[in-house]
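If you want the building blocks of each chain, they are given just below.
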Amino acid sequence: MKQIFLIILIALIAHNEAYTQHPKENFNEITKQMDAYFKKNGKVAGYNQFKRMEYYYQTRVALDGSFVNTTQLKQSALQQTNNMNGNGIGLMAYAGSWNLVGPTAVADDVNGIGRANRITFHPSNANTFFISSAGGGLWRTTNGGSSYTCLTNGLSNINTSGMAIDYTNTNILYLLTGDGDASGPGGIHALSKYSTGVLKSYDGGQTWYQTGFSFPETYGLLAYNLVMHPTNPNILMVASNDGIYRTTNGGSTWSKLNSGTFYEIRFKPGSPSIVFTASKAFLYKSTNNGESFESVGTELGSSNFGRTAIAVCPSNANRVYILCGEAIGDDKFRGVFRYNDADETIVRTANTPNILGRDGSGIDPDDQSYYDLAVVARPDNSTQVLTGGIRLWRSANSGASFSFISNVGNYHDDVHDLSYNPLNNLLYMCGDGGVYRSGDHGITWTPLNTSLAITQYYKIATINSSPTVVVGGTQDNGTNKRLLSTSNFEQILGADGGHCEYGNSSSKLYASTQNGKFYRSVNGGSSFTNIVSEAYVQAILGTNITAPFITPLAVHSSNDDIIFLGYSRLVKAVRNSIGVYDLTNLGVGATSFVKVGQSNANRIYTGSIANGNSVQRSDDGGATFTFIRSQNPGSWPPVTDLAINPGNSLEIWLTHGGFEADKKVYYSSDGGATFANVTGSLPNVPVNCVVYGDNATNMADPVYIGTDIGVFYRDNNLGDWIPYSNGLPVVEVTDLEVNISSNILWAGTYGRGIWKSTLHSGCTTNYTLNNGNQVIGSPYFFQASNSIVSTAWVYGSGANVFYKAGVEVELKDGFHAFPFDNQHTFEAAIGPCTGGVPTSLSVPYLISDGKNGYLIEGVMPLKK
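Residues numbered from 1 in each chain as written. Predicted model: local features only at pLDDT ≥ 70, side-chain atom pairs only at ≥ 80, totals over all residues. Heavy atoms only, no water.

Novice: So what's going on with the overall build of the chain? Which residues, and what values?
Specialist: Per the secondary structure count, the chain includes four helices and 68 strands. Within the chain, the proportion of its 864 residues that are buried is 63%. Summarising the internal contacts of the chain: among those between residues at least 6 apart in sequence, 52% fall at separations of at least 24. A total accessible area of about 28,300 Å² is found for the chain, and carbon and sulfur atoms account for 46% of it. (Helix = DSSP H or I, 4+ residues; strand = E, 2+ residues; numbered from the N terminus. Buried < 20%, exposed > 50% of the residue type's maximum accessible area, 1.4 Å probe, protein only. Contact = heavy atoms within 4.5 Å. Areas by Shrake-Rupley, 256 points an atom, 1.4 Å probe, with all protein chains shown as cover.)

Novice: Give me the sheet that holds strand 19 (residues 283-286): which residues, what numbers.
Specialist: Pairing within the open sheet is antiparallel, and its four strands lie in the order 17-18-19-20. Since the sheet does not close on itself, it has two edges, and those belong to strand 17 (265-268) and strand 20 (294-296), each with one partner. On average, adjacent strands in this sheet sit at an angle of 35 degrees to one another, irrespective of strand direction. Two strands pair when backbone bridges link them, and strand 17 and strand 18 (residues 271-278) are joined in this way by four bridges, in the antiparallel orientation. Residue pairing in the sheet places arginine 266 in a bridge with phenylalanine 276 of strand 18. (Pairing = 2+ DSSP bridges. Axes fitted to C-alpha atoms, helices over the stretch in contact; angles between N-to-C directions.)

Novice: Hey, could you go over the environment of aspartate 582 for me, with residue numbers and the actual values?
Specialist: Checked against the element boundaries, aspartate 582 lands in strand 44 (residues 581-585). Residue aspartate 582 is classed as partly exposed on the basis of its relative accessible area of 41%. Excluding anything up to four places from it in sequence, aspartate 582 contacts Lys572, Ala573, Val574 and Asn576. Of note is the side chain of aspartate 582, whose polar atom sits 3.2 Å from the side chain of asparagine 576. (Polar contact = N/O pair within 3.5 Å; in protein donor to acceptor, adjacent residues only side chain to side chain.)

Novice: If you had to explain the pattern of salt bridges to someone new, which residues and values would you point to?
Specialist: Enumeration according to the criterion identifies 28 salt bridges in this entry. Its salt-bridge partner being aspartate 181, residue arginine 118 comes within 3.1 Å of it at the nearest N-O pair. Taken together, the residues arginine 118 in strand 5 (residues 116-121) and aspartate 181 in the loop between strand 10 (173-177) and strand 11 (197-201) connect sequence positions 63 residues apart. An identical accessibility class is assigned to arginine 118 and aspartate 181; each is buried. With its nearest N and O atoms 2.9 Å apart, the salt bridge here joins lysine 508 to aspartate 560. With a gap of 52 residues between them, lysine 508 in the loop between strand 37 (501-502) and strand 38 (509-513) and aspartate 560 in the loop between strand 41 (553-555) and strand 42 (562-566) connect regions that are remote in the sequence. The exposure class assigned to aspartate 560 is buried, which follows from its relative accessible area of 12%. In the salt-bridge network here, residues are joined through shared partners; they are Arg52, Arg115, Asp179, Asp432, Asp476 and Asp496. (Salt bridge = Lys/Arg side-chain N within 4 Å of Asp/Glu carboxyl O.)

Novice: Pulling in residues and values, what's your account of the sheet that holds strand 4 (residues 105-107)?
Specialist: In spatial order, the strands read 4-36-35-34-33; together these five strands make up an open sheet with mixed pairing. For this open sheet the edge positions go to strand 4 and strand 33 (457-461), each flanked by a neighbour on one side alone. Strand-to-strand twist across the sheet, computed as the mean angle between neighbouring axes with direction ignored, equals 30 degrees. Pairing of strand 35 (residues 479-482) with strand 36 (residues 488-493) involves four bridges; the strand directions are antiparallel. What sits directly across from asparagine 480, in strand 36, is glutamine 491.

Novice: Describe the nonpolar core, naming the residues involved and giving the relevant values.
Specialist: Of all hydrophobic cores here, the largest spans 37 residues; its most connected members are Leu736, Leu745, Tyr803 and Phe826. Considering every element that reaches this core, the biggest residue donor is strand 62 (residues 780-790), with four residues. When sequence neighbours within four positions are dropped, the list of residues in contact with leucine 736 reads Cys689, Val691, Tyr704, Ile705, Gly706, Val711, Leu745, Trp746 and Ala747. Of all hydrophobic cores here, the second largest spans 25 residues; its members include Phe129, Trp139, Ile744 and Ile754. (Core = buried A, V, L, I, M, F, W, Y, C linked by side-chain atoms within 4.5 Å.)

Novice: Tell me about the packing of aromatic side chains, and please be specific about residues and values.
Specialist: A complete count under the given rule lists 39 aromatic pairs for this structure. Aromatic side chains tyrosine 37 and phenylalanine 38 sit 5.1 Å apart centroid to centroid with 75 degrees between the ring planes, which places their arrangement in the edge-to-face category. Residue classification places tyrosine 37 among the partly exposed positions, given a relative accessible area of 23%. Note on phenylalanine 38: relative accessible area 6%, which makes it buried. Through a chain of ring-to-ring contacts, three or more aromatic side chains come together here, namely Phe27, Tyr55, Tyr56, Tyr57, Phe67, Tyr194, Tyr458, Phe549 and Tyr750. Directly above the aromatic system of tyrosine 666 lies the positively charged group of arginine 629, at a separation of 4.5 Å from the ring centroid. Taking the ring centre of tryptophan 636 as reference, the NZ or CZ of lysine 663 above it sits at 4.4 Å. (Phe/Tyr/Trp six-rings, centres within 6.5 Å; stacked < 30°, edge-to-face > 60°. Lys NZ or Arg CZ within 6 Å of the ring centre and 35° of its normal.)

Novice: Just give me the short version of helix 1 (residues 27-41), but keep the residues and values in it.
Specialist: For helix 1, built from 15 residues, the straight-helix expectation of 21 Å at 1.5 Å per residue is met to within 8% by its first-to-last C-alpha distance of 21 Å. Turning to helix 1, its buried residues are Phe27, Ile30, Thr31, Met34 and Phe38. All buried residues of helix 1 project into a common sector of 95 degrees when viewed along the axis, lining one side. The exposed residues of helix 1 that point more than 90 degrees off its buried face are Lys32, Lys39 and Lys40. Elements that come into contact with the buried residues of helix 1 comprise helix 2 (47-57). The distance from a side-chain oxygen at the start of helix 1 to the backbone nitrogen of asparagine 28 is 2.7 Å, and the residue carrying that oxygen is asparagine 26. Phi for glycine 42, located one or two positions after helix 1, is positive at around 80 degrees. (Expected span 1.5 Å × (residues − 1). Arc of directions from axis to C-beta.)

Right, dumping it as structure tokens:
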């Protein structure tokens, strides 16, 4: 018997555009101003953070450089993906089968896995807490940090800066979006992952809804802290660069209080009607549950502070500590202040040594308090206070003096949050490496990062001869290499990892760090030699060649002692007989990509946004180049990547970023002399990477692309793109690699680690889907030529799930689809593996409890 079930409910998170927008500067203007700033002052504090954001946004703004509402555009693109059944090729032709590779653990001194911004504790269970990550969404642990579950797989905006949990109903959660910590020095000319407001969940994080605190990203909101009133869970407040916002009805409506930039909000212990916050110059106090704030005490010393952090003291409710970062343009540490609420006085307790720097002596000028700053007081002893900047310092005398915590091997640099769990008085830290716990008030730390898959990858590399090995360069956590066939990785190079490539064997590996530093290993990454840097290039070639934050790399396909480096001008580096690299300026832009042909090593392609959004080709090993694509950046989206057919170096696929709907992928069979637009029915999101899916034996030209919402596939038989993201969370895919010998497609993501899938194949005959592989929280497309039998659950924001089978779709007892409040879609149909999904079977259920679309056991199915 053919059985059909159909429940259709479309989900889009709506964003309220009613707020007056900030006069947001143009991306192009911001980069010009900041380039001038750093040219004048050198690569001072904030350089890396700004260049990182510049690298990110250069492919995600409008043609004129104006900012766009990327989250809203991604949601629309997900809906476009769901509607890709009108192209006549079949929406659900084999859509991949993705599984997390890792890292879920990293073997290095500090077990750094990715940036965690904030921690939120469960009100009654010490083993349950929540981690708001920079690019990997919201995670929950129920076993004290031994393992985690992601609660935001289906959300396209997975940048988070805090969370609150309703202590009267712990299924109600509030999530603060965006990544304010990523902004520039003091927020000047800030580039960051802007907030779209606060989301709310009523079911423990499975489904999410937009509250009344809603902004388009073009508003430029940098949100830092979300707090809930200790005795009234309907009162919440947000600290942001646009002031303090407050709700009294659980998020339905919000009012704006003080204007200006505020970073943290703290309630006075034992007196919840009293609330403290700090701006760049003053401590503010509310005596009416946050309805209004007034400055207290004296000015903290400068109206130009970069950032402040505050700590209250449970054992001494009148005491508040204020940690102040450096002033803009002044590298002097501004100090620690202590406030006494009994008489409303403020004193500065210390401004030396520099407890915000990197050096344990405290005499270095380093500071990045605009990025990482935290302070906490010991709950049972207000004289002990711990501060976090780049590293940790501790005071035992109420802030009069500080000592460096020398156990830096226990934790990762760059501290974003310090907090005691009130249920067990253990101290927790969130930082660039993840989550850490201390049982001795900050002296030693234990990483709690196992299964917290939040690593942000820029680029990955594999080699066919070692099918289980994958290497990748990450944000904040170096270059990591997979250990054998596990989810465990080891860090093989520090700093921010960039491009990495294997030579002609698994022992020869090139890797890089931010700003164009390149390294060579001859033992598979066990050790490296520094070979080329921006300073070395400038010294040898005598020109002002500069490095983009992530600098492209390509290895010569027949001589792995020759590499090509994508500085502002392409540099050819050849290792000579004494092991030194001879450099040649090839004179063309290559800051977006450089690619070398496999069948013809003399054929080189380069792409550069900075050089007129151009693509050039050389047929003589780089001696000369010809423009094959030179586009006005005001008319064309930025070039992002290029793939070459391994067996024919004139056959190429070129990809573009940006949000121009019909300009995503272009194909050329003649090395770029002519191009055909093969964008087809792709949704309108940036395409970040492209890879050829075979070793040139497949005449169908299989090609995969990575976008800001997942992976897509096409070949000549299909003639158009199909979604290829089954099992993959909705995440930015930044790099793809193919291992032909093991039939694996690898994906590096910017926030969810590395994933793998089998390569595209024909339609599956049968699928059996049960509770063991629940389709929760992200899109799935299942298609079988014969049957699909399912007892799976379809539930969660973004769980847009489609079944299609040639003979039978059987939803057996145990199957559930929970489409409440426009959160997701479930659709099932009978039809062949090609030909699209029938659209005339839309009949929702109405069951006994009156809830439309809630499917339970025993309900009579629809029949075809």
